[in-house]
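Listed here are the chains, written in short residue letters.
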Amino acid sequence: MTVTIVGSQLGDEGKGGVVDLYGDAADVVARYQGGDNAGHTVVHDGEKYKLSLVPSGAVRGKIGVLGNGCVVNPETLFDEIDTLRDRGLDPDVRVAERAHVILPYHRALDGIEEEEKEDLAAGTTKRGIGPTYEDKAGRRGVRVGDLLDPDTLRERLEYVVPQKKALAEEVFDKETGEAFDVDHLYDTYREYGERLAEEEMTVDCGTFLQERIDAGENVMLEGAQGTSLDIDHGVYPYVTSSNPTAGGATVGTGLGPTVVGDGEVIGIVKAYLSRVGTGPLPTELGGVEEQTPDYDADEGADADEEELATYIRDEGGEYGTVTGRPRRVGWLDMPMLRHAARANGFTGLAVNHIDVLAGLDEVKVGHSYEFDGEEIFTMPPTTEQWGRCEATFKTFEGWPDVDWAAVAEDGYEAIPENARTYLEYVSDELDAPVYAVGVGPGRGETVVVENPYE
Ligand code: GDP
Ligand code: IMO
Ligand code: MG
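Report on the accompanying structure. Given the structure is predicted, the values throughout are model-derived calculations rather than measurements. (Residues numbered from 1 in each chain as written. Chains lettered and ligands numbered in written order. Predicted model: local features only at pLDDT ≥ 70, side-chain atom pairs only at ≥ 80, totals over all residues. Heavy atoms only, no water.)

1. So, helix 2 (residues 74–86)
To keep things clear, this is the line we draw: Comment: elements are numbered from the N terminus, with helices defined as DSSP H or I runs of at least four residues and strands as E runs of at least two. Expected helix span is given by 1.5 Å per residue-to-residue step, counting one fewer step than there are residues. Think of it in three bands: with a 1.4 Å probe and only protein chains considered, a residue is buried below 20% of the maximum accessible area for its type, exposed above 50%, and partly exposed in between. Distance and chemistry together define a polar contact, namely a pair of N or O atoms within 3.5 Å, with one atom able to donate a hydrogen and the other to accept it when in protein, and with adjacent residues in sequence counting only for side-chain atoms on both sides.
Over its 13 residues, helix 2 runs 18 Å from end to end, which matches the ideal 18 Å to within 8%, given 1.5 Å per residue. What helix 2 keeps buried is the set P74, T76, L77, F78, E80, I81 and L84. The N-cap residue of helix 2 is N73: its side-chain oxygen and the backbone nitrogen of E75 are 2.9 Å apart. Following helix 2 by one or two positions, G88 has its phi on the positive side, about 90 degrees.

Following this line, the structure appears as structure tokens:
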């Protein structure tokens, strides 16, 4: 069977930790979208691993697959594999031949366009994600399979590179170097192809995964980013360029929707909100310069709110795994979660970070929005409309800071009562049971209510 892990908010909900938790029962962990824009943290044997491309399960000896819906930077891929090997692990990573390759000009253009876009910039990770998906849709991309075939690689590069060079030089008035040089790219990426072939890393993803499922094995589909960063269902244009929603798990692996739908789809929820990047955020507390729209720390910032935001940011370690940027934080946004529950069809929830909110007198959630004088319960379809929404808050009594490791051991009933009230509210509103509750960053610091593979 399959278990699909999906971020229900704006990324960094603790997906890596949940993949790790349930991954024990999985034989294969496959990513279905995104690339090295993701930053997934896994703690194993007291060691912290920060992975941006290699599927989280690879730390624990599972086969990790990068599905056809991913965009793969071979440099990052081999760096991560080599680093894991240096740390004594032996990751088994396979890459779909249909996945697209991030080339150096994609990264360069990502940076150039972000500068150019000003108010429309999403605050990307500058990993070349958007430009690579653009070329995929424009049918001028280079796929992983092409790296194994020198003639095809050469032909693809000779077509596309002069266009990219002209774009950078003539439209954006930038200087270009070897990132835009066909011969250099050909030599470098041909070598990556050789290593992929030598290590027998490439697969026909759908066939590979289906054969495993037919043999009775368990497959985990690891989403990156989150629902509100989805190019279709998120807050366009402040989104990533792929589909983190559960539908992406079928398109991005080659497994049929009935196969994925036969399994479980678990929504990962952070008990508050965090956001790296720009765009509106109705439940935001305080702000972060260069990310919060029209934010000026010296002007009109509410001191109590700023203090609370700083407290949550520091307690939760809300600094980007990939970029180190401070994350924007806010209260839980229920319209965003109702939208996610519908778009993904969650069969269960993992709610993380309830320990971070411990010790506050009260905990708020944005229960609904006031939008043009009306109360609404889900996200409106355009980001301009979302920006006009004002959250209507519901207040919960806070819960105490306790020995969370002991809570994790003792089970759900050991969670402080007020925190359980909060969890039950979320579960009722989303009409999905709570499968797990994160009470700390460590592997043992999760209350497991239900294991989807059992
Ligand atoms: P992902 O991108 O969704 O995999 O999440 P990240 O790894 O980027 O960010 C989540 C961060 O929160 C990591 O540093 C995790 O170790 C940490 N984390 C995950 N779950 C919990 C939790 O329940 N409590 C606390 N305090 N930290 C958590
Ligand atoms: P994980 O998997 C949080 C955000 C970026 C930016 C927008 C587009 O760790 O949850 P991109 O580089 O994808 O073109 O950037 O999406 N973003 C993320 N935010 N977590 C992530 O991944 C993210 N991946 C991209 O900050 O606003
Ligand atoms: Mg992350």
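2. As for the site of ligand 1
Selection criterion: If a single non-hydrogen atom of a residue is within 4 Å of a molecule or strand, that residue counts as near it. Note on areas: these come from Shrake-Rupley sampling with a 1.4 Å probe, and a residue is covered only by the protein chains present in the view. Delimitation of the domains relies on an automatic or database domain assignment.
Ligand 1 sits among 18 residues. The nearest are K15, G39, T41, H353 and D355. One of the backbone nitrogen or oxygen atoms of G39 is found 2.7 Å away from an oxygen atom of ligand 1. For ligand 1, whose free accessible area comes to 580 Å², the fraction covered by protein is 92%. Among the secondary structure elements, those contributing two or more residues to the shell around ligand 1 are helix 1 (15–23) and strand 3 (40–44). If you count residues domain by domain, the shell around ligand 1 takes at least three from each of domain 1 (2–96 + 202–267) and domain 3 (270–448).

3. So, the sheet that holds strand 14 (residues 328–330)
Which entries qualify depends on this criterion: Between any two strands, pairing holds if DSSP finds at least two bridges.
Taking strand neighbours across the sheet as the criterion, the three strands line up as 12-14-13 in an open arrangement whose pairing is antiparallel. The open sheet terminates on both sides in strands that have one partner only, identified here as strand 12 (273–275) and strand 13 (284–285). When strand 13 meets strand 14, the two strands line up antiparallel, connected through two bridges. Bridge pairing links L285 to V329 in strand 14.

4. Description of the coordination of the magnesium ion (ligand 3)
Worth spelling out the cut-off: For Na, K and Ca the donor cutoff is 3.2 Å, while for all other metals N, O and S atoms must lie within 2.8 Å; water is not among the atoms, so some sites may look incomplete.
Surrounding the magnesium ion (ligand 3) are the protein donor atoms D12 (OD) and G39 (O), which sit 2.0 to 2.2 Å from the metal. With D12 in the loop between strand 1 (2–7) and helix 1 and G39 in the loop between strand 2 (28–31) and strand 3, this pair connects stretches of sequence that are 27 residues apart. On the basis of relative accessibility, which here comes to 12%, the residue G39 falls in the buried class.

5. As for the nonpolar core
What counts is decided by this rule: In this text, buried Ala, Val, Leu, Ile, Met, Phe, Trp, Tyr and Cys residues form a nonpolar core when linked through side-chain atoms within 4.5 Å. Here, two residues are considered to be in contact whenever any of their heavy atoms come within 4.5 Å of each other.
Of all hydrophobic cores here, the largest spans 101 residues; its most connected members are L77, L157, L209, I354 and L357. Contact partners of L357, with chain neighbours within four places excluded, come to A271, Y272, I312, W331, V363, W399 and Y422. Of all hydrophobic cores here, the second largest spans 15 residues; its members include V3, I5, A26 and V29.

The values are spatial; any link to function lies outside them.
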